[in-house]
Each structure stands twice: as C-alpha cells, then as structure tokens.
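Next come the chains, spelled out residue by residue.
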Amino acid sequence: MTLGPDRYGVFAVANATAHELTYAVPAELAETLEAGRLCELPVQGRRLVGVFLRWCEKPDFVCRPVTAIVADCPPLREKVLELLFWLAHYYCAPLGRTIHLAGPGFLWTPDAHGKRHKRTDRREKRAAAASSTADKSSLADASSDSLSLRNFSAEKTNAQDLRTLTLEQKDVFDAVSKSEWGHTTLLQGVTGSGKTEVYLHLVEQTLKLQKNALILVPEIALTPQMCDRFRVHFPDDLAVLHSGLTPVEHEREWFRVAQEKARVVLGVRSAVFAPVANLGLIIVDEEHEQSYKCDEFPCYHARDVAVKRAQLESARCVLGSATPSLESYLNAQRGRYSHLHLRSKHSQQQNKVEFFQFRPKLHSTGGLGRGVVRSSQFSFTGHVMAPGVVELLRETQSKGEQSMVILNRRGFAQFALCGDCGEALRCPHCSVSTTLHARGARELCHYCGFSRTTLTTCPSCGGGRLVHMGLGTQNMEQELSERIPQMTVDRLDRDVLTSHSRLSSILGKFRSGETQCLVGTQMLSKGHDFPKVT
C-alpha cells in the first residue's frame, strides 16, 4: 500500500515559544491525528511535547516532520482547548505560553511518558508472572486474602448517606438545581452555615444526572479537610489535583480524570483546566480569596475562568463565600448571577473580639511619634506577644481546648540589620533583603530562591552586631514554646509543607487534639473546621 504525501498542521508547544509552529505530518500519523492530540516535536535540537491544533495548507518554508504521537495519552478535550483559546485572548497571552496550563509538567516531557510506559509494562509483567507461577494452594490463599481485603475495602469505602438539609439549605439546593445550565450562582453563607453540605448534595444530584463535578478550593492546606468530606460520600469517584502531590501521585490522579475513571475532581486553581468530561457542576469555594489569582505569566483568575468554563460546557457554577468579592457581588446585583443566602449558623457559639495594645522594645522609634508601629521595627531582645494574649492561650490550653495563632509572614525574622551602619543583609541577585529561616541560621530570598548560611559580619562595614528584625512564624512558634512550655505547639506554612503527607500529618494531629496550638500563615485562616478551637 502506497502512502500519500505529507500533510501540514499547526501545533502549540508548551513553554518553548510564544508562536504556533507548523510541522509536516507523515501520512502514517495523519490518519489518527485529531485536535488536542499530544505529539513529540523537534524544537531547536530538543524533543518536546506539543498539541495539534488544526490542519493548514503547505507553507512556503521547509517544515520538520512530527516525530511521533504520544501513545496511551488521551487528547485534550475540545472544551478545554476552547477555554485556553479564550484565556489567551482575554488575558492577552500567546497560546504557546498558555497551553501548558492544560496539564501538569510531566505531560509536556517525552521522557516522563517513556517512564510511565516502563512502569506500566513492569506492573503487567509482575501480574502475569504472579498468575503463571502461583500454585493452587497459594491461589486459594490469595483468593481468600483478596476476598478479605475486598470486604475490608468495601467497609472502608462504602459511601455514607448525606445528612438531611435544613429548610434554609434545602431552599438554596432547590434554587441551584432549578437554575439554567451554564448559569452562575453566588452563594453567600455565614461561617458555619453548612455551605459544604449543600455542595455535597449538589454533587450527588449531578452524578445522578450522569454528569461530572469539579470543586475548587483556594489553598492546598484545605484539600485534606475537603477531601475527607467528599471521600466519605464519593469514595470511588473522587480525584485530587494539586502541586503538593508527588509526581507519580499527580500523574495517576490526572490520568484517572482524563480516562473518565473519576467523576468528582477536587483541587486548587490549576484544577480548573482538569480534563473532566461531561461537566455538569463547578463549585468555587471561598471565591473571594486572592489565592485564585495566578501572578505568574500567563496571569489569570481561576474564579473567572471557572465561570467561563461553565458557560462553555453548559454546567452550573456555584461561587461560595461568607464575604463575596466585590466583582461577584456586583455581578449578582446586576442580575448576571443569582444571589442566594445562608444566614443561619449551625453552632450557637458566639464570636468575641478583643484588642490588645502592646509595644515591645523597638529597635527604631521612628514610627512612635506618628503612632505607627510596623512589624519590621520589632527586634527580638524581648518578647513580642502581648501578655494578655499569652494568658488567653494558657487559659485555653488548661481547659483542654485548642488555639490558633495566625501571622502573615513565614520565616524566623524579616531581615537582619547591622547595628553599626544600618544596612540590611541583601540577596546578591535581587535588590531586596533576605529573610531569616532555621532559627536565624539561614538566609533565603523569597523572590529568586537564593539561600546561604547567615552572615556573621556586615558586608558593608564589617561590623559584627547584626540585629534580627521583624516577625516570622518560626520565631512565634519558638516564643510560644518558651513562654507556655506545657503547651504543644506546631507550625503550618510553606516552609514545612514538603509533601502532601506532611500537610495531612500536621492537620491530623491538630484535629485529633495531639497539638494544642497551631501557628501559621494565611493558609490557616481559610475555611478550616476545627471544633475544639475556641
């Protein structure tokens, strides 16, 4: 059989160039090539993965041929591609820089696909070898063991029935259920009003309609809590997507979604591009959070992208918040979104706010004349936490209750200042001061990642009198441990989140009561549910 001449196609190559590239497609590959299919392409002496967009006429220049089509990898879904085209236009970003948002990093590396194929082959060979060499007795034992494992697994993963909704929750659920496909609803509910319970019922209804659901949360730290809630009711259908997973875990979860083995997807902002088929519901929890904004090019807002995807796929979109963003509130006031309320709080516990005025010893008194005290003026020659706050924490611990201390800066100290010439230790690559970590033993630049052992002398004047300035979660953790030694203190910030298991361990110990006080950054303030925290 004689193959026909080559055809020509336009491809977007992730992170290689801003432009769409034209390649020759050999006839033997052209028959199976479709929009969204991943292909190996030669780019400036490298092998990269690109996405086929469309056919084109033969250009005037010589085109290099496509190397291969990535095997065993489903094509990007049509609606995801359409969403990426919209994002590139709306946020003024070239498609070549936008296409990588469609999947995690391993998707765009040919070597990663090769390693995945080798792992799959090894698993299949082990399974075949085990089945061919096992004798009847071992097979009988294995079958009994597997039966007990299946029974245990069934007990562990049996879906539990959902709680009965209150009248107010039922009204909200009915209103969202009767809304048009592709419509967006702003759900404004006070903290503790049961928004998550409404989400669970909406997901259950969506699955019964043979459609799939996508749930977005603002922080990785929230995924264990939400994952536990959803896995109890949808044990076999849930997939979790976020950067805290290991590469193998991320790969497994992404392919479960792409191959339609998972019908409920939970993740952070990047999960808005997940390859969910037949999407019927998108939920954006805590929609007002700034974490949904991506500050790296191409910049986008995951909440707005979720609303657009719901329109493209004719899915219902629910934006949940106790304090809606001004944009969403205005859209609701203008009638673009429906506006529903949950005003009743399940818990009868009342909130009490107290202000403590406390001025520790300051290194500089420049702001005192104006009545302004900045965190960078604190030095650690003394304590920085007000005595009244310490007494409240001690009282809470003595009652067997738990407490949280939230500070908007990680690290040990904001910077180190020379006591002789006033110069701060700076990053040699950036015009910013370095932040001290590891109890002040290490400098770290939060912009470029530069790290070094903390200098003992000033690089400007050679003086050895370096003063640690500014607050940090590491220093706060140390101070609490020293001032209330009988209290178990743990810390939750970006510095300790080395893996997803580490995150689950910290939150698990706090939820079980093993940790009595948790110090953290803003990720600790978003949507967590700790009943013992008073």
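Residues numbered from 1 in each chain as written. Predicted model: local features only at pLDDT ≥ 70, side-chain atom pairs only at ≥ 80, totals over all residues. Heavy atoms only, no water.

Student: What am I meant to see in the nonpolar core here?
Tutor: Generally speaking, a soluble globular protein has its nonpolar side chains buried in company with each other. Within the largest apolar cluster, 58 residues are counted, with the highest numbers of intra-cluster contacts made by Leu38, Trp108 and Phe273. Considering each element in turn, this core owes the most residues, 7 residues, to helix H2 (residues 78-90). Excluding residues that lie within four positions of it along the chain, Phe273 makes contacts with Val80, Leu83, Leu84, Leu87, Leu101, Ala102, Tyr300, Val305 and Arg309. If you look at the next biggest cluster of nonpolar residues, it comprises 42 residues, including Val198, Cys227, Ile283 and Leu492. (Core = buried A, V, L, I, M, F, W, Y, C linked by side-chain atoms within 4.5 Å. Buried < 20%, exposed > 50% of the residue type's maximum accessible area, 1.4 Å probe, protein only. Helix = DSSP H or I, 4+ residues; strand = E, 2+ residues; numbered from the N terminus. Contact = heavy atoms within 4.5 Å.)

Student: In this structure, what is going on with the packing of aromatic side chains? I would like to understand it.
Tutor: Two measures describe an aromatic ring pair: the distance that separates the ring centres and the angle between the ring planes. With the rule as written, the count across this model stands at 12 aromatic pairs. Ring geometry for Tyr90 and Tyr91: centres 4.9 Å apart, planes at 80°, overall edge-to-face. Pairing Phe510 with Phe530 gives two aromatic rings, centres 4.9 Å apart and planes at 80°, and the pair type is edge-to-face. In this pair, Phe510 sits in helix H14 (residues 500-512) while Phe530 sits in the segment after strand E22 (517-520), placing the two residues 20 residues apart along the sequence. Across the pair, Phe530 and Phe510 agree in class, each one buried. Between Arg316 and the ring centre of Trp181, over which it is positioned, the NZ or CZ distance is 3.8 Å. (Phe/Tyr/Trp six-rings, centres within 6.5 Å; stacked < 30°, edge-to-face > 60°. Lys NZ or Arg CZ within 6 Å of the ring centre and 35° of its normal.)

Student: Sorry if this is basic, but what is going on with the environment of Glu477 here?
Tutor: The residue Glu477 is located in helix H13 (residues 473-483) in this model. Owing to a relative accessible area of 19%, Glu477 belongs among the buried residues under this scheme. A sequence separation of 72 residues divides Glu477 from Val405, and the C-alpha atoms of the two residues are 9.1 Å apart. Excluding anything up to four places from it in sequence, Glu477 contacts Val489, Asp490, Arg491 and Val519.

Student: Could you clarify how one ought to interpret a positive patch on the surface in this entry?
Tutor: On the surface, a cluster of positive charge is contributed by Lys115, Lys118, Arg122, Arg123 and Arg126. Position of Lys118 relative to the elements: it lies in helix H4 (residues 110-133). (Patch = residues over 30% accessible without salt bridge, like charges linked within 9 Å, V, L, I, M, F, W, Y side chains within 5 Å. Areas by Shrake-Rupley, 256 points an atom, 1.4 Å probe, with all protein chains shown as cover. Salt bridge = Lys/Arg side-chain N within 4 Å of Asp/Glu carboxyl O. Lys, Arg positive; Asp, Glu negative; His and termini not counted. Charge placed at Lys NZ, Arg CZ, Asp CG, Glu CD.)

Student: Whenever I open this one, the pairing of strand E4 (residues 46-56) confuses me. Can you help?
Tutor: Put simply, side chains in a regular strand alternate between the two faces of the sheet. By the bridge criterion, 6 bridges tie strand E1 (residues 7-13) to E4 in an arrangement that is antiparallel. Directly across from Tyr8, in E4, lies its bridge partner Cys56. Here strand E3 (residues 38-43) runs beside E4; their pairing, made up of 6 bridges, is antiparallel. Looking across to E4, one finds that Leu41 is bridged to Leu48. (Pairing = 2+ DSSP bridges.)

Student: What is the right way to look at the pattern of salt bridges in this model?
Tutor: A side chain with one charge may pair with a side chain of the opposite charge, provided their charged atoms come close. Overall, the coordinates contain 25 salt bridges when judged by the stated rule. Of the charged contacts in the structure, one is a salt bridge between Glu40 and Arg47, with a shortest N-O distance of 2.9 Å. Connected through salt bridges with shared partners, the residues Glu287, Arg303, Asp304 and Glu327 form a single ionic network.

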